[in-house]
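Residues per chain, in single letters:
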Amino acid sequence: MSQIQKNSLLFAIIAALILYVGFSSSWNSALLIIAMGLISSIMALGVNLQWGFAGLFNVGIMGFVALGGLAAVLVGMPRTEGAWSGGGFAIVGALLLGAGTVVAAVLMMKKMRPGWTRNLSVIAVLVVGFFVFRAFLDPAVERVEAINPAATGYLGGLGLPVLIAWPVGGLFAAAAAWLIGKTALGLRSDYLAIATLGIAEIIIAVLKNEDWLTRGVKNVIGVPRPVPYEIDLQNSASFVETAARMGFDPVEGSTLWVKVLYIALFAAVLLILLWLSQRALHSPWGRMLRAIRDNEVAAEAMGKDVTARHLQVFVLGSAICGIAGAMMTTMDGQLTPGTYQPLRFTFLIWVMVIVGGSGNNFGAVLGGFLIWFLWVQVEPMGLWLMNVITYGMADGSALKAHLIESAAHMRLLTMGLVLLLVLRFSPRGLIPEK
């Protein structure tokens, strides 16, 4: 069997599994698996660009995805009435003042001669700048958060079409990646991992605690969507009539149609990014990155700027993750900072890349669909298995209750088992790099 036939068979198996869910369970679940599989594949493409092309170990994927979600709020949501005049401009001024303090301290470190005078001067600038920054920021934040805190209590967004938020989410993630890369890419790979992990946690902490920005853990709901809300379709007489002709009730028909529209949008983005990734992989730039990945010393001896190339691919991969984060928040219609967990948005994406095939873009897509399917379906499958195992046990049995309650952990066990099996029998992934 040729490699193309094998790859086609693997994708056909995934399609068959999703069709089985549609026929045996519900098409709503099947379409949701496809939609989230497309988003997961885009995230996996971004990580594959960093790890598979250049060998960069990024464990801060969660932070870049969250920045994409932030972009959906800042771009798509309407402005909060009175927030900018009440304290928004003062917040922006305080943030600029804080940035200016950092810049002043850096310039002082560069311009002054080393010694205790420079150290004391830098400390003085940072301390004074911090207190001035807080003196401007805190009162402004209180005024903004006091505006109808039950419903708003934050600045709001620009009220622009939400599709604009997708590239803006990529820009947000790219800017954060550039700052991290300028600091850590010249260091060893383990220091890059530590830096990305720390920055991701800082981003999530900011989103959770700065209510003036994203309402914190109170969440932002009602994020505009590029497709209609289900309730709007259900109130449309023409849609209700069309759904009835096709044999659907309005509720089921609206949920299915919205997911189909999202799938079309997400598939278009994935195909564009996949095409660009393939062009990059087979370009001189892509070959240079793989040469750097395989032997940095030899590539540097040939005159290649290793740090600059690493920075380029790190920014590009993070931008793709930011785009996926904005897409996911748009589909959810809300931003919930508390749901950003490393297990879901870092570990799971890495499993997708490794299982699919590091260094192969089609492998990343396959891994995205396969791992997301298992992540969603293993828990009900595990519950069915536990019910079969405990069929003959008494209803009051403590062991039976424990086994049934443990079914929720089957997804974690399955992820580990799949990863071990692939590393044992196909260490280069299901679709290995050519």
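Refer to the preceding data block for the structure.
Here's a quick rundown of the structure. Everything quoted here is computed from the prediction, not taken from an experiment. All residue numbers here refer to positions counted from 1 along the written sequence of the relevant chain. The model is predicted, so local features are restricted to residues of pLDDT at least 70 and side-chain atom pairs to those at 80 or more, both for listing and for counting; the totals for chains, interfaces and linings are taken over all residues. Processing note: side-chain calculations cover all non-hydrogen atoms of the structure and skip hydrogens and water entirely.

### Focus on the overall build of the protein chain
Applicable threshold: Elements are defined by DSSP. Helices are runs of H or I of four residues or more, strands are runs of E of two residues or more, and each kind is numbered from the N terminus. Here the radius of gyration uses the C-alpha set of atoms, whereas the globule reference equals 2.2 Å times the residue count to the power 0.38. Residue burial is assigned from relative accessible area. The probe radius is 1.4 Å, only protein chains are included, and a residue is buried under 20% of its type maximum, exposed over 50%, and partly exposed in between. Two residues qualify as a contact provided that any one of their heavy atoms is within 4.5 Å of a heavy atom in the partner residue. Only the protein chains shown count as cover for residues, and all accessible areas are computed by the Shrake-Rupley method using a 1.4 Å probe. Positive: Lys, Arg. Negative: Asp, Glu. His and the chain ends are not part of the count. A single reference atom marks each charge: NZ on Lys, CZ on Arg, CG on Asp, CD on Glu.
Across its full length, the protein chain holds 18 helices and two strands. Over its C-alpha trace the protein chain gives a radius of gyration of 25 Å, about what one expects of a compact globule, namely 22 Å for 434 residues. For the protein chain, the residues scored as buried account for 47% of the 434 residues in total. Partitioning the intrachain contacts of the protein chain with sequence separation of at least 6 by distance along the chain shows that 80% fall at a separation of at least 24. When the accessible area of the protein chain is evaluated, it comes to approximately 21,500 Å², of which 69% is carbon and sulfur surface. Charge-centre separation for the protein chain: the mean point of 28 positive side chains lies 12 Å from the mean point of 22 negative side chains.

### Details of the packing of helix α16 (residues 361-389) against helix α18 (residues 410-425)
Put simply, the rule reads: The axes are straight lines fitted to the C-alpha atoms, using for helices just the contacting stretch, and the angles between their N-to-C directions are given from 0 to 180°. Our angle categories are set so that under 35 degrees counts as roughly parallel, over 145 as roughly antiparallel, 65 to 115 as roughly perpendicular, and the remainder as oblique. By convention, the crossing between two helices is left-handed when the near helix turns anticlockwise from the far helix through less than a right angle, and right-handed when the turn is clockwise. The classification used treats Ala, Val, Leu, Ile, Met, Phe, Trp, Tyr, Cys and Pro as nonpolar, Asp, Glu, Lys and Arg as charged, and all other residues, Gly among them, as polar.
The contact between α16 and α18 brings their axes to 8 Å, and the two run at 125 degrees. If you check the angle between α16 and α18, you find them oblique. Note that α16 runs across α18; the crossing there is right-handed. Listed contacts from α18 to Ile371, Leu374, Trp375, Val376, Val378, Glu379, Gly382, Leu385 and Met386 of α16 are Met410, Arg411, Leu412, Thr414, Met415 and Val418. Of the residues assigned to the contact of α16 with α18, the class counts are 11 nonpolar, two polar and two charged.

### What about helix α4 (residues 83-111)?
Let me state the cut-off plainly: Multiply 1.5 Å by the residue count of a helix minus one, and that product is the helix's expected span.
Counted at 1.5 Å a residue, the expected span for α4 with its 29 residues is 42 Å, and the 40 Å between its end C-alpha atoms agrees. Buried within α4 we find Ala83, Gly87, Gly88, Ile91, Ala94, Gly98, Thr101 and Ala105. Looking at the buried residues of α4, the elements they touch are α5 (116-145) and α8 (211-214).

### A word on unusual backbone geometry
Of all residues except glycine, most have a negative phi; of all peptide bonds, most are trans. Even without a glycine there, the phi angle at Asn148 is positive, about 45 degrees. Tracing the chain through its elements places Asn148 in the loop between α5 and α6 (165-184).

### Focus on the pattern of salt bridges
The criterion, for reference: By definition, a salt bridge exists where a carboxyl oxygen of Asp or Glu is found within 4 Å of a side-chain nitrogen of Lys or Arg.
Evaluated as defined, the whole model comprises eight salt bridges. Across the pair Glu433 and Arg290 runs a salt bridge, and its minimum N-O distance is 4.0 Å. Of this pair, Glu433 sits in the segment after α18 while Arg290 sits in helix α12 (residues 284-294); the two residues are 143 residues apart in sequence, bridging distant segments of the chain. There is no split in this pair, since Glu433 and Arg290 are both buried. For Arg293, the salt bridge goes to Glu433, with nearest N and O atoms at 3.2 Å. Of the two residues, Arg293 is situated in helix α12 and Glu433 in the segment after α18; the sequence distance between them amounts to 140 residues. Note on Arg293: relative accessible area 25%, which makes it partly exposed. Taken together, the shared-partner salt bridges connect Arg290, Arg293, Asp294 and Glu433 into one network.

Bear in mind that shape data such as this cannot, by itself, settle questions of function.
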